[in-house]
Every structure is written in C-alpha cells, then in structure tokens.
Amino acid sequence: MDKPSRRNVLMAGGTLGALGALSVATPAKASPLWTWSPKGSVAGYGEGADPRWVWDDEADQLVASIIDRGDVAKVNTLLKTWTKNGQSLPSGLPADLRDFMERARQMPSWTDQGKLATAVNFNEKRGLYLGVTYGFASGMMSTAIPHEARAVYYSKGGADMRDRITKTAKLGYDIGTSNAYKSDGEMIVTCVKTRLAHAGVRHLLPKSSYWTKVADEKVPISQADMMVTWHSLPTTVMQNLVKWKVPIPAAESEAFLHSWQVCAHMLGIRDEYIPKSWDEANAQAKQVLDPILAPTPEGIKLADILLNLASFVDGGILSKPILGALSRYVLGDEIADYMKVPRDPFWDPIFETAWEPFVQVREGLLSLEKAPGALQKAYWAFDEILRLGILLVLSGGDLPISISIPDTNNPH
Ligand code: HEM
C-alpha cells in the first residue's frame, strides 16, 4: 500500500470524480422511444428527430478524416498547448479542424452571464456535496449505463482506467471553477476537446471486434446517449441535493442548471434536446435514464474499480464498506445489487437513518442532540466523506491533463 500523502489522496479524488462521466454497459434493455418535445428545450423548437439516430455529423466526419489521414499525433501534440478559453488556437492545426474549432468554441447565443456568475456562488457554497454526488451518485450510476460502460471499456481509455477517470474528472472540476467559461478558464477548451474525442470514438469503436460483439448500436455516443450521461450528472446531483433537503435558493438551482446547459451545447448536443428547466430535465431523465440502468460485465468491473479507489489510503478496510454503503444509499438497492456493491450490515443502516439528519445538522436546521443516535456514531465518518468530496472537487486543478483524440481502441 502506498503511503497516503496529500498528493495521493488528491489523485484518488480525481480518479473518483472522473467516474462521474463514465458509464458501464449492460445487457439489452431496449432504449425507450423518444417522445420528449423540443418545446421543453432551450431552443424551444426543433424537428423532434429521435436522438438515438443523431450523432455529431460535422465533428464526426472531420475527426474521422484526421484519423484516417494519419494526423492524430500531430493534432494531439498541438492541442496540448491549447489550454485557456481565451487563447488563440495553436498554429499548425489542419485548416479544416481549425475552422471547425473556431466555431465550436463559441458560446451559445442564449448564454446568460449573470446565471453563470450565480452558478459560481453555488459551486463554492455547495462544493462539499457536489464532490460526493458527482463521485458517488453520478460516478456509480455511470457504471450502470450500458452504452457508456461498453464504450468506455472497449475504447482506448479503457486500457488505463485510472488515467481515463482522471481526465474525465477534469470536466467536473473545470465546470465548478470561478472562471469556468471566462477567457482565463478552461471549460470551453475541455468541452471542445471532449467533443473531438467523442467523434474519434464514433469512428474507431465500430472497428473493435470486442465492442461490436456486445453493442446494440452501430455507432456509439448518439445524442440520446449524450443526454442520458448528462442526466447522470446535473440532474442526478440536483435530485440528491433536493432529497437531502439542502437549502438551495431557486436562482442558484437555475444557475447550476444553466452552467450544464451551456456545457451540453459545447459538447455538441443539439439545443433541441437540452432541457430548459429542471421540470423538463426531470421529465426527460425519467424517460431516457431511469429505464435503461442495468448491469453489464463491463459496468460491474468499473463499479468495483470505483469502490476500490480510496483503498490505497487504508487498504480498503474502512473506505470500501463506507463508499459501498454511500453508493447503495444514493443509487438504491436495485441498482446497487445490479452493480454487485457489497452489502454492509453496519454502514448500510447508518446511511439510511443518519445521512439526511447529518446534512440537516450541517445546515443548521437540526441540532445534533435531537438527531438520531446513529448520527452521533457516524458524524466523524460522514464528515470524512465530505472531505473526500472536497478533494474530488479540488483534485483536477493541479494535474497536467490533456484530453486527446484517440487513435486506437482498447487493444485488450
Ligand atoms: C471521453 C465527458 C458522454 C464515452 C470523454 C472525456 C470527457 C468526457 C471529459 C475525455 C476524457 C478522456 O479523454 O479520457 C463526457 C460528458 C458526457 C459524455 C460530460 C455527457 C454529458 C459520453 C457518452 C459516452 C462516452 C454518452 C458513450 C456512450 C466516452 C469515451 C471517451 C470519452 C469512450 C474516450 C475514452 C478514450 O478512448 O480515451 N468523455 N462524456 N461519453 N467519452 Fe465521454
């Protein structure tokens, strides 16, 4: 076991947070029909095309051609030097890619800078809970999203999960920074690079014999898949905060949603699929996310990696059962059982009875003396979890992470 150090713990945090946007695959549960109306979207109108059959045409063709003409290594080297939103694109990029990226880096016309500023307040005030929910609600949930899990497992990044998780965590970190979308921030760069990486995966994964054997789609990462994963992030996070009765002013809740709406647009999701309000988001998630959650061999392996991430700190003696119980508590028994999260007779009931009172006590809404007895025993452990959450949120910042276009699949 490595000696725990601040750096190690931060790295573990990054790894956990990264899982937030990962998914795991499962045997087929047919994806539900798309009946969600574009009237509920930020665009307010649209063709209503079923997003299971829509990808990201321009980016996909462009990146496919970059891969096929052997330009990936050169492009990735240049992209490493592009890190800040306000920075000019590196010279030497192929003209077609440069032209696309200049357009892709533009914020949508409906961006509300006031809301983005309010989102910063929210992220600062609620960073503790956000780290925990991104890591263990979104992260664990992602292991139960079959399309994402399979794509992650069989793509290049699947060969080194720790590295991949750290890279994915960068997006969760960047969106919470105070200058996320400002010229000295990095969120726009992260989104544009991720959009290119996804386009690369769409070109490469259909050539993987491992992926094609298990996949129930011809091309991965459709716009429907994108929205499913998006819901595993902000929608799931907000649903948990509401469930825990964390007091959140309406303006902050809306602002948090807005920062993720902008993210969705920057990742190449069409405006007609991006929900305009939490009501619309919850309705869409109910239709597209809830019914597809299911176990897959790939997802079960990813869930196990996630639960073991903090093990180098304590050999897993405490961290594994506590993180398992937290995952079970946020995901519910059905999904936790799917993902083979071990039951823990000590910690499971403590989360059930004491987590909400713990949040209430922290928020000054309940006095510790009036809280259930279980909380007196568990307070220190819950506090530790929040500290881990903060590390999750902070950990992306000092890592030299460069998201790149893949040039191959997981060789297996
Ligand atoms: C790559 C985030 C949706 C599969 C990435 C990366 C980020 C990211 C930050 C770069 C990390 C890296 O290079 O390893 C997101 C977000 C999503 C989303 C925020 C939705 C809002 C999806 C979906 C799938 C998917 C729906 C599959 C169904 C992948 C794969 C990679 C990737 C396979 C590349 C891994 C590699 O080959 O290195 N994503 N993603 N993502 N994502 Fe996503």
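Here the structure is a predicted model, which means the values were calculated and not measured. (Residues numbered from 1 in each chain as written. Predicted model: local features only at pLDDT ≥ 70, side-chain atom pairs only at ≥ 80, totals over all residues.)

1. Brief notes about the overall build of the protein
In terms of regular secondary structure, the protein is built from 19 helices and 0 strands. Burial statistics for the protein: of 412 residues in total, 50% are counted as buried. A sequence separation of at least 24 residues applies to 81% of the contacts in the protein between residues at least 6 apart. (Helix = DSSP H or I, 4+ residues; strand = E, 2+ residues; numbered from the N terminus. Buried ≥ 20, exposed ≤ 12 C-beta atoms within 10 Å, placed from the backbone. Contact = placed C-beta atoms within 7 Å.)

2. Examining the environment of Leu196
Along the chain, the position of Leu196 falls in helix α9 (residues 187-204). Counting along the chain gives 137 residues from Leu196 to Ala59, while the straight-line C-alpha distance between them is 6.6 Å.

3. Describing the site of the ligand
Taken together, the neighbourhood of the ligand is formed by 25 residues, with Ala151, Ser155, Lys156, Gly157 and Lys167 sitting nearest. Elements that contribute at least two residues to the shell around the ligand include exactly α7 (146-154), α8 (161-175), α9 and α11 (223-243). Class assignment of the residues belonging to the shell around the ligand gives a composition of 13 nonpolar, 7 polar and 5 charged. (Near = placed C-beta within 6 Å. Nonpolar A, V, L, I, M, F, W, Y, C, P; charged D, E, K, R; others polar.)

4. Brief notes about α11
For α11, spanning 21 residues, the distance from its first C-alpha to its last is 28 Å, which sits close to the expected 30 Å at 1.5 Å a residue. Taken as a whole, α11 carries its principal kink of about 35° at His231; the proline Pro234 stands between one and four residues after it. Burial runs high along α11: 17 of the 21 residues are buried. (Expected span 1.5 Å × (residues − 1). Bend = angle between axes of the 7 residues up to and from the residue.)

5. Examining the packing of helix α2 (residues 57-68) against α9
Two elements in contact, α2 and α9, have axes separated by 8 Å at closest approach and are oriented at 70°. By the angle between their directions, the pair α2 and α9 is classed as roughly perpendicular. Of the residues in α9, those in contact with Ala59, Asp60, Val63, Ala64 and Ile67 of α2 are Arg195, Leu196, Ala199, Gly200, Arg202 and His203. Classifying every residue of the contact of α2 with α9 gives 6 nonpolar, 2 polar and 3 charged. (Axes fitted to C-alpha atoms, helices over the stretch in contact; angles between N-to-C directions. Parallel < 35°, antiparallel > 145°, perpendicular 65-115°, else oblique.)

6. Observations regarding the nonpolar core
Core analysis: the biggest nonpolar cluster contains 108 residues, and Met140, Val192, Met227, Leu326, Met339 and Phe351 have the highest contact counts within it. Other than its neighbours up to four places away in sequence, Phe351 contacts Ala325, Leu326 and Tyr329. (Core = buried A, V, L, I, M, F, W, Y, C linked by C-beta atoms within 7 Å.)

7. Notes on unusual backbone geometry
Backbone geometry at Lys245 places phi at a positive 60°, although glycine is not the residue there. Counting through the fold element by element, Lys245 comes out in the loop between α11 and α12 (250-266). For Lys340, which is not a glycine, the phi torsion comes out positive at approximately 55°. Relative to the assigned elements, Lys340 resides in the loop between α17 (333-338) and α18 (347-362).

8. Re the packing of α11 against helix α13 (residues 278-288)
The contact between α11 and α13 brings their axes to 10 Å, and the two run at 125°. When the axes of α11 and α13 are compared, the pair comes out oblique. Note that α11 runs across α13; the crossing there is left-handed. Along its contact with α11, which presents Ala224, Met227, Val228, His231, Thr235 and Met238, the element α13 presents Trp278, Ala281, Asn282, Gln284, Ala285 and Val288. (Left-handed = near helix turned anticlockwise from the far one by under 90°.)

9. Regarding helix α16 (residues 319-331)
Taking 1.5 Å of rise per residue, 13 residues should cover 18 Å, and α16 covers 18 Å from first to last C-alpha, within 8% of that figure. Among the 13 residues of α16, 12 are classified as buried, and the element is accordingly described as predominantly covered. Considered for burial, the residues of α16 that qualify are Ser319, Lys320, Ile322, Leu323, Gly324, Ala325, Leu326, Ser327, Arg328, Tyr329, Val330 and Leu331. After α16 finishes, the residue Gly332 shows a positive phi value of roughly 90°.

10. What to know about the environment of Ala144
Position of Ala144 relative to the elements: it lies in the loop between α6 (127-142) and α7. C-beta crowding within 10 Å serves as the criterion here: with 29 such atoms nearby, Ala144 is assigned to the buried category. When the C-alpha atoms of Ala144 and Pro295 are compared, they prove to be 5.5 Å apart, with 151 residues separating the residues in sequence.

11. Structural notes on the confidence of the model for the protein
In the predicted model, the protein carries a mean pLDDT of 86, and 87% of its residues have values of at least 70. Long-range and interchain partners of residues 1-28, a stretch whose pLDDT sits below 50, account for 114 contacts in this model, where long-range means more than four residues apart. The ipTM, which scores confidence in the relative placement of chains, is 0.98 for this predicted complex, and the corresponding pTM is 0.89. (pLDDT = per-residue confidence, 0-100.)

12. Things to note about the environment of Ala281
For Ala281, the position within the fold is in helix α13. With 23 C-beta atoms packed within 10 Å, Ala281 lands in the buried category. As for Ala281 and Pro90, which are separated by 191 residues in sequence, their C-alpha atoms are 37 Å apart.

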